Amino acid sequence: MKKSICYTMVAAALALGATNSMAAEGTTTADVLATAAKNIDFFGYFRAGVAGGADGSMENNIGGDSFEKNKIGRIGNEFDNYAEIGFGTELYNENDRSVYVQTMFNMWDGDTNSNADDSPFGWENMNMQLRNFMGQGETAWAGIRQYKSNYYIDMTDHYYWGQTTVGAGVEDIKVGPGNLSLAVLHRDLDGVIHNPSIDSEEGALEGTLIDAMNYEILYDNLPVWDKGTLAMGYRFLHADPTDAQIDNPELGEHDYADGHAFLVELKQEIGESGYNRTVLQYYLDGSALQGVQFGAADVLNGEVKDGSGFAIRNFGAIPLSADWDFTHVLTYAEADSVEQWNGDEGDGSSMAVNAGVVYHWSDITRTYLDVGYFQDDKSVNSIDYDRSGSKVTLAQALSFGRGEPELRVYTSYLDSDNSNWDDTTHSFEGHNSDDTWAVGAMVNVWW
């Protein structure tokens, strides 16, 4: 995702201090800038989209920035603006050992105004990496990092193992035929716990974010046969609330359960650019609902006291011929014998599928047909609930070849059946309709 080139003022700023002295020795400013640019890695990603439909804007149509896109797919189902802009440089390199500094900021804008005060910025990367200091091809690191971000499903924008986090570790130590990675990661419980007596965002209680740590071991890139590799991982998630948080009556006066997450993944490369991945995940205690809730394995649920769950995933992108590609994501997850701190007990399951075919008309244009469907079921205190939804998208894209940044125009149809899942009768158009449609445009760019 990165190239050693930077067409921004960052290179100029880094080179400015050296310009005069080098120019005095006969080196031009252009030479200085070119040298600085070659020593900076510039990389990133952004997506942007806009759409309108049956009830005005896409946000009005479906009431948010997507409709269950982790389940039914993101093509024709994303219309926010999100960007990650990163830079990195090598500070030291000698005897195959190097020191690398990496930084990346992100930006999200969920509306069309793009005002400075409602487009929040944050850090995706701010870390230092010591590479091959032990001579095992490893990377020791500390800071903020998109750690193990390749455990990700692009078609549904789903990180199923980890996310951007603060931490430290040593990754990709060559041990036998595979690579061993060890990390200590910091991730508080997902979201702020709200005061149930106040029905608003202002009801968030200060200081109620529960501190939690992750301890991870991962062994991956283990060859099993031709173009096939295996990964195995375990996470222990430790909740560390204060005594005041445990005893707070507004938070339920309860402790917070630790969690466990296990991973086995088989990756198979197909042809020159295709792949298929099969993932098995198992969750215990405070992590029990992560599978059915399509969350990442590094997040605890503070409401869960006990239980277990699993998820089976199969996804990939397969070239069918010179002109046809096929993509798919299949997920089935269950949670069993879940007990919450408030006394509720139950279980649940979720099935989701996203599939697409792509026809390449030429080297610069292609057509997508992308469909998705999901079905959720749960039982809480012996009462059954269910909901389902689907999406069909037809998109036309312009790009310089497969797997390259694209501009797409699309039309989408979305359908939802909330059944008795909650008190909301309808899903779309201000809770007035069970289905909706939209026409829009989007870009998907990485470098």
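Residues numbered from 1 in each chain as written. Predicted model: local features only at pLDDT ≥ 70, side-chain atom pairs only at ≥ 80, totals over all residues. Heavy atoms only, no water.

Engineer: What is the right way to read the environment of F87 from this model?
Structural biologist: Within the secondary structure, F87 sits in strand 4 (residues 81–94). The buried category is assigned to F87, whose relative accessible area is 16%. For the pair F87 and F43, spaced 44 residues apart in the sequence, the C-alpha separation amounts to 6.3 Å. (Helix = DSSP H or I, 4+ residues; strand = E, 2+ residues; numbered from the N terminus. Buried < 20%, exposed > 50% of the residue type's maximum accessible area, 1.4 Å probe, protein only.)

Engineer: What am I meant to see in the confidence of the model for the chain here?
Structural biologist: The predicted coordinates of low-pLDDT regions are not to be read in fine detail. Taken as a whole, the chain shows an average pLDDT of 86; of its residues, 85% reach a score of 70 or greater. Residue range residues 1–24 is modelled with pLDDT below 50. Its contacts to residues more than four positions away, or to other chains, number 42 contacts. (pLDDT = per-residue confidence, 0-100. Contact = heavy atoms within 4.5 Å.)

Engineer: I would appreciate a short explanation of the side chain of R408 in the present structure.
Structural biologist: Looking at where R408 falls in the secondary structure, it is placed in strand 21 (residues 406–417). The class for R408 is buried, based on a relative accessible area of 8%. There is a polar contact of 2.7 Å between the side chain of R408 and the side chain of E406. Discounting chain neighbours no more than four positions away, the residues touching R408 are I75, Y368, Q396, A397, G440, A441, M442 and N444. (Polar contact = N/O pair within 3.5 Å; in protein donor to acceptor, adjacent residues only side chain to side chain.)

Engineer: In this structure, what is going on with the environment of I318? I would like to understand it.
Structural biologist: Looking at the element boundaries, I318 is found in strand 16 (residues 304–319). For the pair I318 and E272, spaced 46 residues apart in the sequence, the C-alpha separation amounts to 9.9 Å. Sequence-distant contacts of I318, defined by excluding residues within four places in its chain, comprise I270, Y275, D325, F326 and H328.

Engineer: What should I look at first to understand unusual backbone geometry in this one?
Structural biologist: Positioned with a positive phi, K148 is a non-glycine residue whose angle comes to about 50°. Within the secondary structure, K148 sits in the loop between strand 7 (139–146) and strand 8 (152–153). The backbone phi angle of K227 is positive, close to 65°, even though this residue is not glycine. Structurally, K227 can be placed in the loop between strand 12 (212–225) and strand 13 (228–239).

Engineer: Help me understand the nonpolar core in this model?
Structural biologist: Most often, soluble globular proteins have nonpolar side chains that are buried together. Of all hydrophobic cores here, the largest spans 23 residues; its most connected members are Y151, Y160, W161, L263 and F315. Listed by contribution, the elements that provide at least two residues to this core are strand 14 (259–270), strand 15 (274–285), strand 16 and strand 17 (324–340). Take this core: its biggest share by element is four residues, from strand 17. Residues F294, A352, F374 and A397 belong to the second largest nonpolar core, which totals 19 residues. (Core = buried A, V, L, I, M, F, W, Y, C linked by side-chain atoms within 4.5 Å.)

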